[in-house]
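Each chain is listed here by its residues.
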Amino acid sequence: MDLRYHLITYGCQMNKADSERLGGSLEALGYTWAEEPMQADLVVVNTCAVRQSAEDRALGQLGWLTGMKKKNPDLSIAMMGCMVGDDSLERLQARLPQVDVFTKPVEYEPILEFAQQKAGNRGMLDEGCLEGSPLALGGPCRWVPVIYGCNMRCAFCIVPIRRGPERSRPIPEVVRELRWLVRHGTREVTLLGQTVDDYGRDLEGRPDLADLLTACSDVPGLERIRFLTSHPLFMSDRIIEAVGSLPNVCEHFNIAVQSGDDMVLRSMKRGYPARRYVDLVARIREIIPHASIATDIIVGFPGESEEQFQNTLAMLEQLELDVVHTAMYSPRPGTKAGEEMADDVPREEKHRRLLAVEALQERIVAAKNSRLQGSTLDVLVEGQKNGKWWGRIRTDRVTFFTDPRENLVGEILPVRIDETTAYSLRGTAVA
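Draft legend 1. Looking closely at the packing of helix 7 (residues 171-183) against helix 8 (residues 209-217). With their axes 10 Å apart at the nearest point, helix 7 and helix 8 run at an angle of 35° to one another. As for how helix 7 packs across helix 8, the hand of that crossing is right-handed. Residues Ile 171, Val 174, Val 175 and Leu 178 of helix 7 lie in contact with helix 8, whose contacting residues are Asp 211, Leu 212, Ala 215 and Cys 216.

Quick look at the structure:
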């Protein structure tokens, strides 16, 4: 009997990468992909604990699957990701008795061992399983973790507690995986880490992210390389210069600032003043004038006053960044803010501040994108939506375009930009 699996993933790109690797391993064991969870014999829910909304969605999904399992006892359910930790496992087991396997982030083996037993020990469970399989890959752009965990202790963040301290993968291991991915159709990779620009300091010889980017850029057939997420404390001139000089490394930085107010940054335990971030952005633009820069902002952190929030808005207006990922603060059990700080900004006020950031950023990006109208830019095609091809330019802007040809996924095509909005570019492929 053929067994089928379905993966439901919440949260960051690291979780998406974990799901892709797990999917490849399950296929190496003989499982095939099911388009819908009700068609699967094994459903894996990969969870996120960064915000309460992500936890609520995952728990709601698991509740629905529990109801499905009562009707179909042969269905197996696995739960993995950042919601599963030593401090939460017992509580989750009591709340979700229908879940067959719980496993922490990156620990694939319990699920694979269970899946192998369910399959009657068919397939081989070995180290090669975790490199994935071409059946599990899909598109031309892949996520590749290069550093796991985090050594920072930001007051709001659960990641170091659930994912542990930093562990960098050796450069030869990463390069081997990239070569394997390229052989199976990958054109672009994003190198992942919670603090990816701190890569390598735990390895022999202490290579840094610039060394890793240089090695990866030599992989034949790898057209584009991206990386995220970076921390302001570790972004060096050496890394910036590597991005500017290596032809297949995209000129795009994702560096989280979280707030534009010094007192809030100190309360968050971020380790730098706002001025340092402003200077870092200026340095990137000095070395790579056309680089795009994305950041993260948390609004409504405990104690954040209106004046402090206005400092964040003022910084964003000054810097004119290309992307701002905004989130309302939610307390995480086990973190310093969750345990020691009162969540004293009302939800309605958090929402107002979030909308204010989004409105400012929409205006900024609409103006920046409008400058690209009439230009011709290279787009790596990732798929089709509503009858149009779509992909991204090197600076990570999503671009939709028309072209009558078929099977363009994975191609890099010049596209003339005819129209722009705050959210995307639109154009026509150039013959």
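Draft legend 2. Main features of the pattern of salt bridges. All told, the structure shown has 33 salt bridges when counted by the stated rule. Notably, a salt bridge pairs Lys 368 with Asp 322, separated by 3.3 Å at the nearest N-O pair. With Lys 368 in helix 14 (residues 347-370) and Asp 322 in the loop between helix 12 (306-319) and strand 12 (323-328), this pair connects stretches of sequence that are 46 residues apart. The pair formed by Lys 368 and Asp 322 is uniform in burial state, with each residue classed as buried. Arg 397 is the partner of Asp 322 in a salt bridge, and the nearest nitrogen-oxygen pair spans 2.6 Å. Taken together, the residues Asp 322 in the loop between helix 12 and strand 12 and Arg 397 in the loop between strand 14 (388-392) and strand 15 (398-402) connect sequence positions 75 residues apart.

Draft legend 3. Structural detail: the packing of helix 8 against helix 9 (residues 237-245). The N-to-C vectors of helix 8 and helix 9 enclose an angle of 20°; their axes lie 8 Å apart at closest approach. When the interaxial angle is binned, helix 8 and helix 9 end up roughly parallel. Crossing angle aside, the handedness with which helix 8 passes helix 9 is left-handed. The residues of helix 9 that touch helix 8, namely those facing Leu 209, Ala 210, Asp 211 and Leu 213, are Arg 238, Ile 239, Ala 242 and Val 243. Here the residues of the contact of helix 8 with helix 9 are counted per class, giving six nonpolar, no polar and two charged.

Conventions used here
- Residues numbered from 1 in each chain as written.
- Predicted model: local features only at pLDDT ≥ 70, side-chain atom pairs only at ≥ 80, totals over all residues.
- Heavy atoms only, no water.
- Axes fitted to C-alpha atoms, helices over the stretch in contact; angles between N-to-C directions.
- Helix = DSSP H or I, 4+ residues; strand = E, 2+ residues; numbered from the N terminus.
- Left-handed = near helix turned anticlockwise from the far one by under 90°.
- Contact = heavy atoms within 4.5 Å.
- Salt bridge = Lys/Arg side-chain N within 4 Å of Asp/Glu carboxyl O.
- Buried < 20%, exposed > 50% of the residue type's maximum accessible area, 1.4 Å probe, protein only.
- Parallel < 35°, antiparallel > 145°, perpendicular 65-115°, else oblique.
- Nonpolar A, V, L, I, M, F, W, Y, C, P; charged D, E, K, R; others polar.

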